[in-house]
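Structure at a glance
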Amino acid sequence: YNDTIVLNLTDIVAKIYGNDTLCSNENKEALLSVYFTGGIPPYTFTFAINGIIQDSVSTDDNPYIIHTSKAGLYTLTSFHDDVNATGNTSGQAIVTILNAPVADFEAHPDSMTILSPSTQIEDKSTGGILNWEWYFGDNTGIDYSSNPFHTYKDSVAFYEVTLIVEDIMGCIDTISKILSITDDYWIHLPNSFTPDYDQLNDKFCIGYHGIREASFSFNVYNRFGDLVYSTNKL
């Protein structure tokens, strides 16, 4: 008797793919894929990062996704299926970690008064900065300059200033600082007036802010030291 047997052999192959870039301050991971051809799941494989072999992985997923935040060259070192049929490995994946910029700034001054609520802000960021975004915390528009000058309202308040910087590689960093505007106490006394009823400087007017009216007193003396006028009313 004669008979014919056809034996079909299927290659068992595992391939790794991926090329991902992360910034060092990102709270995320690179995603690399391992695809399996042929064989019976679950699949078991090992991979190396820059030649250093990692723990083996067994999975039914196809593709299997490697989540990683380690920079380097990823290669497969071994692979077999559920019946221990050894397979071939191919491909490579790369993860690149870029040094992120560090955002920083100084405000001169960082504490102002209502009489002078302006500040010059100096960028102190490092890392090849290409773009700046300034948010002053007072609902004004975004400032894109590197060292902005800003004037706030003349009222007591605290403002959160936020700087977002981006470097030439597209990495971003953010920093926020609090600036304060405090009250100020002052009084303005004119050095002359002309009470001649011509409606120009006829009255001696005192400007003030923060004066305790209950403790106020005002005296006018002539050049000989004689008291010519006195009041305790503002």
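My aim in this report is to walk through the structure given alongside it, one point at a time.

Further remarks concern the pattern of salt bridges. Considering all chains together, one arrives at 2 salt bridges under this definition. For the salt bridge of Asp104 with Lys177, the shortest nitrogen-to-oxygen distance reads 3.1 Å. Note that Asp104 is positioned in the loop between β10 (93-98) and β11 (105-108) and Lys177 in strand β17 (residues 172-182), a separation of 73 residues in sequence. Asp104 gets classed as partly exposed once you look at its relative accessible area, which sits at 28%. Linking Glu122 and Lys124 is a salt bridge whose minimum nitrogen-to-oxygen distance equals 3.9 Å. When its relative accessible area of 31% is taken as the criterion, Glu122 is described as partly exposed.

Two strands pair when backbone bridges link them, and strand β1 (residues 13-17) and strand β3 (residues 30-37) are joined in this way by 5 bridges, in the antiparallel orientation. Across the sheet, the residue bridging to Tyr17 is Ser33, located in β3. With 5 bridges connecting them, β3 and strand β7 (residues 64-68) associate as antiparallel partners. Within β7, the position partnered with Leu31 by the bridge is His67.

Cut-off values and rules
Residues numbered from 1 in each chain as written. Predicted model: local features only at pLDDT ≥ 70, side-chain atom pairs only at ≥ 80, totals over all residues. Heavy atoms only, no water. Salt bridge = Lys/Arg side-chain N within 4 Å of Asp/Glu carboxyl O. Helix = DSSP H or I, 4+ residues; strand = E, 2+ residues; numbered from the N terminus. Buried < 20%, exposed > 50% of the residue type's maximum accessible area, 1.4 Å probe, protein only. Pairing = 2+ DSSP bridges.

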